[in-house]
Amino acid sequence: MKKMTTFCVLAGLLLLTACAKRPMGGPNDPALVRGIIDGLFAPISFVLSLFSDTVRMYAFPNIGRWYDFGFLIGLSAWGGGASTVTRYVYIDRRSGRTLDVEER
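Residues numbered from 1 in each chain as written. Predicted model: local features only at pLDDT ≥ 70, side-chain atom pairs only at ≥ 80, totals over all residues. Heavy atoms only, no water.

A. Region of interest: the packing of aromatic side chains. Using the criterion set out here, one finds 4 aromatic pairs in the structure. When the centroid spacing of 6.2 Å and the interplanar angle of 80° are considered together, the rings of Trp-66 and Phe-69 count as edge-to-face. Taken as a pair, Trp-66 and Phe-69 lie in helix α4 (residues 65-76) at a separation of 3 residues, close to a single helical turn. Taken together, the aromatic side chains of Tyr-58, Tyr-67 and Phe-71 make up a single cluster linked through ring pairs. (Phe/Tyr/Trp six-rings, centres within 6.5 Å; stacked < 30°, edge-to-face > 60°. Helix = DSSP H or I, 4+ residues; strand = E, 2+ residues; numbered from the N terminus.)

This is the structure we're talking about:
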């Protein structure tokens with residue numbers, strides 16, 4: 001019974017948040033390029049926002065999805081590139097010869 005009550009409360013909150021309205025940005029509000037710049041400075045802005053009420057790491061209001069996309073691109077630059085290449089090298093114990101994966 002307790003699980004059903006919790007589910008009903010969460011479902012009700014989800015329905016209420018679906019009705020929330022956000023003001024759309026105007027033509028001079030931040031867009032893609034500003035999103036990239038804000039994404040690049042996001043970790044620094046986050047630390048500064050802990051100590052200051054005037055610094056925010058995310059611009060609001062903004063154009064919308066283009067700003068979000070730029071913010072994501074800028075923020076992903078801090079990951080150092082998600083793809084890394086790993087090459088395994090095997091050494092034959094008997095001969096001491098180095099073997100690549102294809103030769104193994």
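That was the structure; now back to the text.
B. Structural context of helix α2 (residues 32-40). What α2 keeps buried is the set Gly-35, Asp-38 and Gly-39. Taken down its axis, α2 places every buried residue within 100° of arc, on the same side. Contacts made by the buried residues of α2 are with α3 (42-51) and α4. (Buried < 20%, exposed > 50% of the residue type's maximum accessible area, 1.4 Å probe, protein only. Arc of directions from axis to C-beta. Contact = heavy atoms within 4.5 Å.)

C. How the structure looks around a nonpolar patch on the surface. A grouping of Val-33, Ile-37, Leu-40, Phe-41, Ile-44, Leu-48, Leu-75 and Trp-78 is seen on the molecular surface, where their side chains present a nonpolar patch of about 750 Å² in accessible area. When contributions to the nonpolar patch are tallied by element, the ones reaching two or more residues are α2 and α3. A total of 3 residues in the nonpolar patch trace back to one element, the largest contributor, which is α2. Residue position: Leu-48 is located in helix α3. Given a relative accessible area of 45%, Leu-48 falls into the partly exposed group. (Patch = residues over 30% accessible without salt bridge, like charges linked within 9 Å, V, L, I, M, F, W, Y side chains within 5 Å. Areas by Shrake-Rupley, 256 points an atom, 1.4 Å probe, with all protein chains shown as cover. Salt bridge = Lys/Arg side-chain N within 4 Å of Asp/Glu carboxyl O.)

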